[in-house]
Amino acid sequence: MSTELVPADFTVPRTLTAEGFRLEPLGEQHNASDLAAWTSSIDHIRATAGFTGGWPPAGGMTPEQNLADLRRHADDFGHRRGFAYTVLETSGEAVVGCVYICPDRDDPSVIAVSSWVRADRAELDAVLYRTVSGWLAEAWPFGEVRYHPR
C-alpha cells in the first residue's frame, strides 16, 4: 500500500494566491519567520479549531528544533505523505500562518486539514478556511476531508 496521499500522476499545487495571503510549501527558508509567527501566538493557535492536541508547545522551541520540524514537513511534502504550506503575506515573506494536509490519525483514508494564523492576523482565519476548503474541493483528488469549520 502506498503512503502517498495523492495519485502518482497528480501534480501537487505549489502555490495558491488569494485575497490577503498566499501559500507555498513550508520549508527551512521559513524558519525564522515561522518561529516568530507561532511563538507570538501560542494561546491564539491553541484556541483555534483543530489545535487541541498540545501544539504549539507552551515552552516554544529552539530555532534548531523548529528547523528540524520544517525539514520533516518538507520531506513529507517531497514524498507526498503530507502537505504543509506556509501562509505568507501577499507581498513579502512574513509568515502569517500555516496549513497542514495529512492523513487523519484515526482513519488514514480521510484527509485531515488544519490551519492557523497569527493572533495579529486573526481576521484571516475564516478567509483562509473558506479559500482552502474550496481549493481542496476543486484542485485536489481527495474524497473525505475533515477541516474544522470557522
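Below: a short report on this structure. Values in this document were obtained by computation on a predicted structure and should not be read as measured data. (Residues numbered from 1 in each chain as written. Predicted model: local features only at pLDDT ≥ 70, side-chain atom pairs only at ≥ 80, totals over all residues. Heavy atoms only, no water.)

### Notes on the pattern of salt bridges
Moving on, step 1. Scanning the model with the defined rule gives 14 salt bridges in all.
Moving on, step 2. Between arginine 121 and glutamate 123 there is a salt bridge whose closest N-O contact spans 3.3 Å.
Moving on, step 3. A single network of salt bridges, built from pairs that share partners, joins Asp69, Arg72, Asp75, Asp76 and Arg81. (Salt bridge = Lys/Arg side-chain N within 4 Å of Asp/Glu carboxyl O.)

### Observations regarding helix H3 (residues 63–78)
Moving on, step 1. A rise of 1.5 Å per residue sets the reference length of H3, with its 16 residues, at 22 Å; its end C-alpha atoms lie 22 Å apart and thus fit the reference within 8%.
Moving on, step 2. Within the span of H3, buried status applies to Asn66, Leu67, Asp69, Leu70, His73, Asp76 and Phe77.
Moving on, step 3. Residue arginine 80 follows H3 closely and has a positive phi angle near 65°. (Helix = DSSP H or I, 4+ residues; strand = E, 2+ residues; numbered from the N terminus. Expected span 1.5 Å × (residues − 1). Buried < 20%, exposed > 50% of the residue type's maximum accessible area, 1.4 Å probe, protein only.)

### Let's talk about empty space enclosed by the protein
Moving on, step 1. Under the defined criterion, the tally for this structure stands at one cavity of 30 Å³ or more.
Moving on, step 2. Considered as a void within the structure, the largest cavity measures approximately 30 Å³ in volume.
Moving on, step 3. Leu26, Asp34, Trp38, Trp55, Asn66, Asp69, Leu70, His73, Cys98 and Tyr100 are the residues that line the largest cavity.
Moving on, step 4. Looking at the lining of the largest cavity, the elements with two or more residues in it are helix H1 (31–39), H3 and strand S4 (95–103).
Moving on, step 5. The element best represented in the lining of the largest cavity is H3, accounting for four residues.
Moving on, step 6. Each residue belonging to the lining of the largest cavity can be placed in one class, and the counts come to six nonpolar, two polar and two charged. (1 Å grid on protein atoms, 1.4 Å probe; cavity = no way out; pocket = protein on both sides within 12 Å on 5 of 7 lines; lining within 4 Å. Points joined across faces, edges and corners; volume = space filled by probe spheres on them. Nonpolar A, V, L, I, M, F, W, Y, C, P; charged D, E, K, R; others polar.)

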